[in-house]
Amino acid sequence: MAPDEDPPPGLAIRRLIDGFQVSQAIHVAVVLGIPDLLAEGARPCDELAAATQSHGPTLYRLLRALAGIGILHEGEQRCFSLTPLGNELRSEVDGSMAGWAAFIGRPDYWQAWSGLLHSVQTGQNAFRHVHGTDVWSWRQSRPEESRIFDEAMRAVARRASAALLDAFDFGALATVADIGGGNGALLATILARHPHLQGILFDQPHVVSAARPLLERAGVAGRCRVEGGSFFTSVPRGADAYVLRAVVHDWDETHAVQILRTVGQALDGSARVLLVERVIAPPNEGRDAKFSDLNMLVSPGGRERTLEEFVALIEEAGLQLRSVTGAGGFSVLEAGR
């Protein structure tokens with residue numbers, strides 16, 4: 001059967017069932033740095049093995065499997081090169097998914113997904129069930145896991161950044177605050193696009209403590225104030241827009257409303273809140289948001305929401321939804337008083 005021919009249903013479902021094998025193989029290749037080593041062109045497997053301190057014959061088994069799904073191309077003499085699909089895993093390309101691939105194969109994340117059955121049967125968070133603590137406390141006590149997670153969020157943030165910049169005009173604003181902004185990747189993109197803007201980066205102290213180097217590399221550190229704190233207690237005042245990218249979906253209804261209420265209390269005048277989130281599509285549509293919803297159930301304990309559910313959250317927090325704009329698989333929900 002030709003590779004591009006639709007497989008029969010039995011084979012198609014088998015490939016879906018075995019999807020975890022594909023994601024783990026991609027994870028290992030990225031952790032070894034294979035995509036970056038192939039950035040300049042094809043290289044023989046033995047050379048890649050030496051560069052990654054891997055067992056050559058076994059590395060070949062991994063690489064040929066990835067070539068079988070179109071991520072790599074195997075040429076003569078066991079030489080491998082990147083395909084357009086595999087190129088997306090290089091760390092330096094625009095929109096790279098390397099950070100996400102490096103994160104999703106980590107043991108803590110992998111093991112949490114083994115608790116999906118428990119979550120479905122009980123409604124409880126799988127990560128807490130498997131590891132005995134919530135994902136935020138886990139990462140706070142493990143700096144390396146926190147760093148890997150931040151890199152994953154940086155990868156995802158690139159798509160969300162493009163969606164936000166396409167959907168909302170920051171030109172008339174003076175100051176934008178990124179609430180729960182992690183290492184500042186999204187805010188750096190916004191400030192780079194709009195040189196007149198001032199920025200406020202706000203997240204937990206141990207998170208934003210690592211943001212300054214990224215802001216400096218982006219050339220926006222001089223226009224960005226970095227503050228640590230909890231968005232359950234208070235957020236900085238004085239911004240014209242408060243961006244929350246993929247923040248609300250991490251939390252259940254009670255906590256999500258509290259976050260929005262806290263941000264709402266910081267709004268002055270015509271300031272607005274910009275939620276950048278996936279919105280659950282109608283039945284039989286929207287694969288990405290619905291599987292992201294399962295990820296929220298398993299890992300942080302939150303959920304993705306329908307538009308109606310977002311409206312209910314926003315109104316309970318004392319705000320009003322002003323507009324909804326879709327772009328790049330995300331929606332920008334603008335709310336104000």
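Let me sum up the structure you'll find in this document. No experiment lies behind these values; they were computed from the predicted model shown.

Moving on, we get to the side chain of Thr175. With respect to the helices and strands, Thr175 occurs in strand β4 (residues 175–179). Thr175 gets classed as buried once you look at its relative accessible area, which sits at 15%. When residues no more than four places from it in sequence are discounted, the contact partners of Thr175 are Leu197, Gln198, Ile200, Gly238, Ala239, Asp240 and Ala241.

Where strand β1 (residues 43–44) lies against strand β3 (residues 79–82), two bridges are found, and the strand directions are antiparallel. Across the sheet, the residue bridging to Pro44 is Cys79, located in β3. As judged from the three bridges shared by strand β2 (residues 72–74) and β3, these two strands associate in the antiparallel manner. In the sheet register, Leu72 faces β3, and the bridge partner there is Leu82.

What follows concerns the side chain of His249. Summarising the element assignment, His249 is placed in the loop between β7 (241–245) and α16 (253–265). Within the structure, the side chain of His249 is placed 3.4 Å from the side chain of Asp250, a separation counted as a polar contact. Beyond its immediate chain neighbours, meaning those up to four positions away, His249 contacts Glu277, Ser292, Met296, Gly302, Arg303, Glu304 and Arg305.

Moving on, we come to the sheet that holds β1. One open sheet accounts for three strands, arranged β1-β3-β2; its pairing is antiparallel. For this open sheet the edge positions go to β1 and β2, each flanked by a neighbour on one side alone. This element, helix α5 (residues 56–68), spans β2 and β3 of the sheet and lies at about 110° to β2.

Let us now look at the nonpolar core. Grouped together as the largest cluster of nonpolar side chains are 30 residues, with contacts concentrated most on Leu164, Phe170, Val176, Ile190, Leu215, Val243 and Leu274. Put simply, the parts of the chain that give this core at least two residues each are α12 (143–167), α13 (185–193), α15 (212–217), β7, β8 (272–277) and β10 (330–336). The element contributing the most residues to this core is α13, with six residues. Counting 29 residues, the second largest nonpolar core, distinct from the first, contains Ile179, Val247, Ile314 and Ala335.

Cut-offs and rules
- Residues numbered from 1 in each chain as written.
- Predicted model: local features only at pLDDT ≥ 70, side-chain atom pairs only at ≥ 80, totals over all residues.
- Heavy atoms only, no water.
- Helix = DSSP H or I, 4+ residues; strand = E, 2+ residues; numbered from the N terminus.
- Buried < 20%, exposed > 50% of the residue type's maximum accessible area, 1.4 Å probe, protein only.
- Contact = heavy atoms within 4.5 Å.
- Pairing = 2+ DSSP bridges.
- Polar contact = N/O pair within 3.5 Å; in protein donor to acceptor, adjacent residues only side chain to side chain.
- Axes fitted to C-alpha atoms, helices over the stretch in contact; angles between N-to-C directions.
- Core = buried A, V, L, I, M, F, W, Y, C linked by side-chain atoms within 4.5 Å.

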